[in-house]
Amino acid sequence: MRYLLGVDLGTSGTKTVLFNEAGQAVANHTAEYPMHQPHNGWAEQDPEDWYRAVCEGAQAVLAAAHVKSGDVVSVGLSGQMHGLVMLDAEGRVLRRAILWCDQRTGAQAEHMKQLIGAQRLIEITANPAMTGFTAAKILWVQENEPELYARCRHILLPKDYIRYRLTGEWATEVSDASGMQLMDVANRCWSAEVLEKLSIDRALLSPIYESPDVTGRVHARAAEETGLRAGTPVVGGAADNSAAAVGTGVVRSGAAFTTLGTSGVVYAISDSVSIDPKGRIHTLCASVPGKWTAMSCTLAAGLSLRWLRDTCCEGEVLRAREEDVDPYVLMGNMASCVPLGSDRLIYLPYLMGERCPHPDPDCRGVFFGLSAMHTRAHLIRAVMEGVGYSQAECVEVFREMGVPVERMTACGGGARSPLWRQMLSDLYGCPVSTLAVDEGPALGAAILAGVGAGVYESVEQAADAVIRRDATQQPDAAAHAAYQPYFDLYKRLYRSMRADFKALASL
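What counts, and at which threshold
- Residues numbered from 1 in each chain as written.
- Predicted model: local features only at pLDDT ≥ 70, side-chain atom pairs only at ≥ 80, totals over all residues.
- Heavy atoms only, no water.
- Core = buried A, V, L, I, M, F, W, Y, C linked by side-chain atoms within 4.5 Å.
- Buried < 20%, exposed > 50% of the residue type's maximum accessible area, 1.4 Å probe, protein only.
- Helix = DSSP H or I, 4+ residues; strand = E, 2+ residues; numbered from the N terminus.
- Contact = heavy atoms within 4.5 Å.
- Pairing = 2+ DSSP bridges.
- Axes fitted to C-alpha atoms, helices over the stretch in contact; angles between N-to-C directions.
- Parallel < 35°, antiparallel > 145°, perpendicular 65-115°, else oblique.
- Nonpolar A, V, L, I, M, F, W, Y, C, P; charged D, E, K, R; others polar.
- Salt bridge = Lys/Arg side-chain N within 4 Å of Asp/Glu carboxyl O.
- Left-handed = near helix turned anticlockwise from the far one by under 90°.

**Student:** Give me the lowdown on the nonpolar core, citing residues and values where you can.
**Tutor:** A general feature of soluble globular proteins is that nonpolar side chains tend to end up buried together. Among the nonpolar cores identified, the biggest contains 56 residues, and Leu-348, Ile-380, Met-384, Phe-398, Val-405, Met-408 and Tyr-428 are the most heavily contacted of them. Take this core: its biggest share by element is 13 residues, from helix H14 (residues 376-400). Apart from the residues lying within four places of it in its own chain, the contact partners of Ile-380 are Leu-305, Leu-308, Cys-313, Met-331, Met-334 and Ala-335. Listed in part, the 38 residues of the second largest apolar core include Leu-139, Cys-152, Leu-204 and Cys-285.

Here it is, written out as structure tokens:
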């Protein structure tokens, strides 16, 4: 039996999963590590913690499954995007990695617009200047830690640091690299123009591969530390959402997934590059060779429902404990008794500001139309509908760009709600499915590893062989039509209140 190792380097921990060639998980292990926040809005991690977690995970799954190291034919890596890892000439870490969620780089993002031009930056990198992306972090180090920057010889993304520790090779791949804001995304290569204008030496960056390409092999020291066989190939892998797309079977044009976790992500595949000139959503290279993706991220999807649970639903939480059920099940049952439109109550899910399709750090959550007749059940349904509207607004942008969304897979904790899935299906106007088994990015990384090792012919063939769908909910045409006036009003409300959000932030 041949096995594939999928490693998903997350923000709170690294999940390592051992799969057989049928895509079935035979063992998994998660190792956690801390996040350091030395100042308000900063977020850093020690790359050595990541590598220790990978070693621990690899050893644990091999032992748990009683699998010999020689039976693992390939390793795939997935990881948190946008993080900045800096190494010196000897390959030693110069400082803690600056993470995707770090917000110290507002001034640098604005400076990028001046150096390159706001519209030109979108044309090349397919995205507006963002505090979360890697380029702004590099500029921050240039300006604030110049002596350290002068010693830097290698700039890596988080999962690519793990690759270096496993193989000794400097490499990245298209899906993760396109989130650095240093690539010519349409041509899948580093942008000489962006690098020159940001004064970043091309020699600091690694060669770019396609995601299933073999980028190195486990060396002797890493074999001792992980329990893997020396010489085991390590493929390019993918950014976390790109790996999740492969792991959910979103590998062909027309397919998309929605993740309802703390944040909400919609990810769609396209056969050609399509860039939103307004910068409302992200365009990146897909982990499927020759394809691109449109991706949105809204900041408070499941977070909105959790906030409501914690602040207004103490009774439901207590009753759920007594009945040994998830409180969200009780909340969903309550919401299902409220008519579509929540009796004219609309919720704007901007608890943390917003990223897509309104990149606005100052907007805030709103209940619009609140009346004395409304109950907790109305609030719950309004929150679920408001999150659905936010995802549907992003899908609307995708379609406006010519990126087809014909079928949707729902993932994350919120996807367990049949009511929420039906709302999404009705708003999107397309079927929404769940997966029989959801292993997410780790499975996607393992599939890519299998393609690199010749276990599968292609990413598409592997997804067809491995991914199994569960329930599918079809859109209700009448409900789709009934939602439209509420959806249209929802979209107008942000535009109407945008200036007021800025005024509130200045008080």
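**Student:** Lay out the environment of Leu-443 in plain terms, naming residues and giving numbers.
**Tutor:** Along the polypeptide, Leu-443 turns up in helix H16 (residues 440-452). Residue class for Leu-443 comes out buried when judged on its relative accessible area of 5%. For the pair Leu-443 and Ile-467, spaced 24 residues apart in the sequence, the C-alpha separation amounts to 9.5 Å. If near-sequence neighbours (up to four positions away) are discounted, Leu-443 is found in contact with Phe-19, Gly-23, Gly-247, Val-466 and Ile-467.

**Student:** Summarise the sheet that holds strand E16 (residues 254-260); cite the residues concerned and give the values.
**Tutor:** Read across the open sheet, the seven strands follow the order E18-E19-E17-E16-E22-E23-E24; overall the sheet is mixed. With partners counted over all chains shown, the strands left at the sheet margins are strand E18 (282-285) and strand E24 (469-473), one partner each. Here the strands of the sheet are splayed against their neighbours by 25 degrees on average, with no regard to which way each runs. As judged from the five bridges shared by E16 and strand E17 (residues 264-270), these two strands associate in the antiparallel manner. Paired with Thr-259 across the strands is Val-265, a residue of E17. Sitting on the sheet, helix H15 (residues 418-428) touches E16, E17, strand E22 (405-411), strand E23 (432-435) and E24, and the angle it makes with E23 is about 140 degrees.

**Student:** How would you sum up the environment of Tyr-51? Please name residues and give values.
**Tutor:** Here Tyr-51 shows up in helix H1 (residues 47-65). When the C-alpha atoms of Tyr-51 and Glu-110 are compared, they prove to be 34 Å apart, with 59 residues separating the residues in sequence. Apart from residues lying up to four places away in sequence, Tyr-51 is in contact with Ile-162, Arg-165, Leu-166, Ala-222, Glu-225 and Thr-226.

**Student:** If you had to explain the packing of helix H11 (residues 302-312) against helix H13 (residues 327-336) to someone new, which residues and values would you point to?
**Tutor:** Here H11 crosses H13 at 95 degrees, and the two axes come no closer than 11 Å. When the interaxial angle is binned, H11 and H13 end up roughly perpendicular. Counting all contacts with H11, which are made through Leu-305, Arg-306 and Arg-309, the residues of H13 involved are Pro-327, Tyr-328 and Met-331. Looking at side-chain class alone, the contact of H11 with H13 contains four nonpolar, no polar and two charged residues.

**Student:** Explain the pattern of salt bridges to me, and be specific about the residues and the numbers.
**Tutor:** A full pass over the atoms with the stated rule returns 34 salt bridges. With a closest N to O distance of 2.9 Å, Arg-92 and Asp-88 form a salt bridge. Owing to a relative accessible area of 6%, Asp-88 belongs among the buried residues under this scheme. When salt bridges that share partners are traced, they join Glu-44, Arg-95, Arg-96, Asp-102, Arg-104 and Glu-145 into one network.

**Student:** If you had to explain the pairing of E22 to someone new, which residues and values would you point to?
**Tutor:** Burial of E22 is extensive: five of the seven residues sit out of reach of the surface. Both E16 and E22 contribute to a ladder of six bridges, which runs parallel. Residue pairing for E22: Thr-259 is matched across the bridge by Cys-411. Sheet analysis places E22 next to E23, joined by two bridges and oriented parallel.

**Student:** Account for the pairing of strand E1 (residues 3-9), naming residues and giving values.
**Tutor:** In terms of burial, E1 is a largely internal element, seven of the seven residues being buried. Here E1 shows a buried face lined by Tyr-3, Leu-5, Val-7 and Leu-9 and a second buried face lined by Leu-4, Gly-6 and Asp-8. The pairing of E1 with strand E5 (residues 72-79) spans seven bridges and is classified as parallel. Its bridge partner being in E5, Leu-9 is matched across the sheet by Gly-79. Direction of pairing for E1 relative to strand E2 (residues 13-20): antiparallel, over a ladder of seven bridges. Residue pairing for E2: Gly-6 is matched across the bridge by Val-17.

**Student:** Explain the packing of H1 against helix H6 (residues 158-167) residue by residue, including any values.
**Tutor:** Contact pair H1 / H6: the axes reach a minimum separation of 10 Å and the direction vectors enclose 60 degrees. Once H1 is placed against H6, the crossing between them reads as right-handed. On H6, the residues touching Pro-47, Glu-48, Trp-50, Tyr-51 and Val-54 of H1 are Pro-158, Tyr-161, Ile-162, Arg-165 and Leu-166. Across the contact of H1 with H6, the residue classes break down as eight nonpolar, no polar and two charged.

**Student:** Before we move on, can you summarise unusual backbone geometry with the specific residues and values?
**Tutor:** Omega for the bond connecting Cys-356 with Pro-357 falls within 30 degrees of zero, at 0 degrees, which places this linkage in the cis form. In this structure, Pro-357 sits in the loop between strand E20 (346-348) and strand E21 (366-368). Phi at Ala-126 takes a positive value of approximately 70 degrees, unusual for a residue other than glycine. Mapping Ala-126 onto the fold places it in the loop between helix H3 (118-125) and helix H4 (134-144). A residue is classified by how much of its surface remains accessible, and Ala-126, at 1% relative accessible area, is buried. Its identity as a non-glycine residue notwithstanding, Asp-324 has a phi of 55 degrees, on the positive side. Mapped onto the elements, Asp-324 comes out in the loop between helix H12 (314-323) and H13. The exposed category is assigned to Asp-324, whose relative accessible area is 70%.

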